[in-house]
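Spelled out from the first residue to the last, the chains are:
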Amino acid sequence: MRSQADYLDGNAAAGELSRIFAIDVTAAEGKCAHCGTTKRFAEAQVYMQAPGVVARCLVCEHVLLRLVSIRQHVFLDVRGMTYLSLDTSTLSKSSKPADSP
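Just so you know, these numbers come straight off a predicted model, no measurement behind them. (Residues numbered from 1 in each chain as written. Predicted model: local features only at pLDDT ≥ 70, side-chain atom pairs only at ≥ 80, totals over all residues. Heavy atoms only, no water.)

Trainee: Whenever I open this one, unusual backbone geometry confuses me. Can you help?
Mentor: It is generally the case that most residues other than glycine have a negative phi and that most peptide bonds are trans. Positive phi is not limited to glycine here, since E61 has a value of about 70°. Relative to the elements of secondary structure, E61 occurs in the loop between β5 (53-56) and β6 (63-70). With relative accessibility at 16%, the residue E61 sits in the buried group. Although it is not a glycine, R71 adopts a positive phi angle of roughly 55°. (Helix = DSSP H or I, 4+ residues; strand = E, 2+ residues; numbered from the N terminus. Buried < 20%, exposed > 50% of the residue type's maximum accessible area, 1.4 Å probe, protein only.)

Trainee: So what exactly am I meant to see when it comes to the sheet that holds β6 here?
Mentor: Backbone-to-backbone hydrogen bonds join strands into a sheet, with any given pair of strands oriented parallel or antiparallel. The sheet built from five strands is open, its strands ordered β1-β4-β5-β6-β7 with antiparallel pairing. On the outer flanks of this sheet lie β1 (8-9) and β7 (73-77), each paired with one strand and no other. As paired strands, β6 and β7 are joined by five bridges and run antiparallel to one another. Opposite R66, over in β7, you have D77 as the bridge partner. (Pairing = 2+ DSSP bridges.)

Trainee: Would you mind showing me how to read the pattern of salt bridges here?
Mentor: Side chains that differ in sign of charge can pair as their charged atoms come close. A complete count under the given rule lists three salt bridges for this structure. The closest approach of N and O atoms between R66 and D77, which form a salt bridge, is 2.5 Å. Taken together, the positions of R66 in strand β6 and D77 in strand β7 put the pair 11 residues apart, joining distant regions of the chain. Owing to a relative accessible area of 15%, D77 belongs among the buried residues under this scheme. Across the pair R79 and D77 runs a salt bridge whose closest N-O atoms are separated by 2.9 Å. (Salt bridge = Lys/Arg side-chain N within 4 Å of Asp/Glu carboxyl O.)

Note that all results are geometric; they support no functional claim without further evidence.
Next up, the structure:
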């Protein structure tokens, strides 16, 4: 088991994730592909000591997300989640795609 001092909560990843998402991903709800727990991303255990960001399930510590930025490229691996549900109702009309109502 990892000690509590090693990680931050999912809110710590907000800055990095805001570089690629127009919505606050920390408020999104995701389901762990390993244990099936569904929680807000803000509740994940986030490790930022590595060259990127690693988010782990609060319950089973399975890796949910990996994010690494290298020059002008961002690599995002979310295969540790069966889904990530984003609430788009908070987006302004100017940030929605043209075909959105």
